[in-house]
Amino acid sequence: MKIIADSAIPFLRGLFEPWAEVRYIPGAEIGPRDVRDADALVVRTRTRCDEGLLAGSSVRLIATATIGFDHIDTAWCAAHGIETATAAGCNARGVLQWVAAVLVHLSRTQGWSPAERTLGIVGVGHVGSLVARYAADWGFRTICCDPPREARERLGFRTLAETAREADILTLHVPLDATTRRMADAALLGTLKPGATIVNSSRGEVVDGAALLRSGHPYALDVWEHEPTPDPTLLQGALAATPHIAGYSEQGKATATALAVAALARRFGLPLEGWYPPGAARTAARPIAWQELCATIGGACDIETETRRLKTAPEEFERIRDRYAYRREYF
């Protein structure tokens, strides 16, 4: 058995070697010659898994250690007998804590308290539902928008237009697909209140960066169009700017790797079901008051320092991301 794995995925080295040949390659460099005789791939967003990579290969499973899967052509894979598995929900609390750090930063720099702000949450899945719950506890008025869930479940979610009109802060937690690509375009941005802030930790292409700059609205971004080379003007203008690391918590990364390992264990009969990285922390979910959050979040997710680091050396985007010291979730 042969496995090709992104060399930046943590906790993985040495795990499969008793049963398989494993090659560790930087994700962006994995090519057709590498996967030709592979049985499985363990990847992140930097590996585009489509016909160009996979045609003629022996790959039977792609496990991505990410919640998103827009880097995988799932239709082509399904048509060619390649199973795909994601790590959906693995880093939800990591992203929650990045959003919390951004909200605290905005409250300090813009001069408001949660009771004075309406938080519009677009996408109420693993991450958005956590953001909605905690933000309500912190005192925000929250309004939620999730058109696919509303169509299926009739939960009373607001429309995107309503949410944009009422929000003082609009935070985006949607997958990237045909309906969400450049969802935050000039038309949507034009419906926001003057001074309303855009927060995006989903995928860079969900926001039209040029339109955002023209709109004059303040913004905080973890994800960018054209990663790892974001628009320099967009980067320098951000109130908070990080290199796609919102979900980079120790627990999130450990869970992501564990879910990828579980997918390979099921598919190939390996004795690794239930494996979790030895010594890695586990999520400790608990409520946290706004006052405690303000006093502690800087020690766990220092948005100001991360923003300075990226703005000072934007050419180091990928290096900063790959060498990021995973945060430890504490709520």
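Residues numbered from 1 in each chain as written. Predicted model: local features only at pLDDT ≥ 70, side-chain atom pairs only at ≥ 80, totals over all residues. Heavy atoms only, no water.

## Concerning the pattern of salt bridges
At step 1: What the rule picks out here adds up to 22 salt bridges.
At step 2: As a salt-bridge pair, Glu227 and Arg46 come within 3.2 Å of each other at their nearest N and O atoms. Within this pair, whereas Glu227 is found in the loop between strand 10 (219–221) and helix 10 (232–237), its partner Arg46 is found in the loop between strand 3 (40–43) and helix 2 (51–54), the two being separated by 181 residues in sequence.
At step 3: Taken together, the shared-partner salt bridges in this structure form one network comprising Arg141, Arg158, Glu162 and Glu166. (Salt bridge = Lys/Arg side-chain N within 4 Å of Asp/Glu carboxyl O. Helix = DSSP H or I, 4+ residues; strand = E, 2+ residues; numbered from the N terminus.)

## Remarks on helix 13 (residues 303–312)
At step 1: Along helix 13, the positions that sit buried rather than exposed are Ile303, Glu306, Thr307 and Leu310. Summarising the axial view, the buried residues of helix 13 lie within an arc of 100°, below the 170-degree limit, and thus occupy one face. Exposed side chains of helix 13 directed beyond 90 degrees from the buried face belong to Arg308 and Thr312.
At step 2: On its buried face, helix 13 sits against helix 4 (92–110), helix 10, strand 11 (240–241) and helix 14 (317–322). (Buried < 20%, exposed > 50% of the residue type's maximum accessible area, 1.4 Å probe, protein only. Arc of directions from axis to C-beta. Contact = heavy atoms within 4.5 Å.)

## Focus: empty space enclosed by the protein
Any empty space left between atoms is shown by rolling a water-sized probe over those atoms.
At step 1: Applying the stated criterion across every chain yields a total of 1 cavity of 30 Å³ or more.
At step 2: In this structure, the largest cavity encloses a volume near 40 Å³.
At step 3: Here the lining of the largest cavity is built from residues that sort into 5 nonpolar, 3 polar and 1 charged. (1 Å grid on protein atoms, 1.4 Å probe; cavity = no way out; pocket = protein on both sides within 12 Å on 5 of 7 lines; lining within 4 Å. Points joined across faces, edges and corners; volume = space filled by probe spheres on them. Nonpolar A, V, L, I, M, F, W, Y, C, P; charged D, E, K, R; others polar.)

## Some remarks on the environment of Thr307
At step 1: Here Thr307 lies in helix 13.
At step 2: A sequence separation of 69 residues divides Thr307 from Ala238, and the C-alpha atoms of the two residues are 8.5 Å apart.
At step 3: Those residues in contact with Thr307, other than ones at most four positions away along the chain, are Leu239, Ala240 and Ala241.
At step 4: In this structure the side chain of Thr307 is engaged in a polar contact, spanning 3.0 Å, whose partner is the backbone nitrogen of Ala241. (Polar contact = N/O pair within 3.5 Å; in protein donor to acceptor, adjacent residues only side chain to side chain.)

## Side note on the packing of aromatic side chains
At step 1: Applying the stated rule across the entire model yields 9 aromatic pairs.
At step 2: Taking the centre distance of 6.4 Å and the plane angle of 80° together, the rings of Trp138 and Phe331 count as edge-to-face. Placement of the pair is Trp138 in helix 5 (residues 126–138) and Phe331 in the segment after helix 14, with a sequence separation of 193 residues.
At step 3: By relative accessible area, Trp138 is classed as buried at 7%.
At step 4: With relative accessibility at 0%, the residue Phe331 sits in the buried group.
At step 5: Taken together, a centroid distance of 6.1 Å and an interplanar angle of 65° make the contact between Tyr248 and Tyr324 edge-to-face. Within this pair, whereas Tyr248 is found in the loop between strand 11 and helix 11 (250–268), its partner Tyr324 is found in the segment after helix 14, the two being separated by 76 residues in sequence. (Phe/Tyr/Trp six-rings, centres within 6.5 Å; stacked < 30°, edge-to-face > 60°.)

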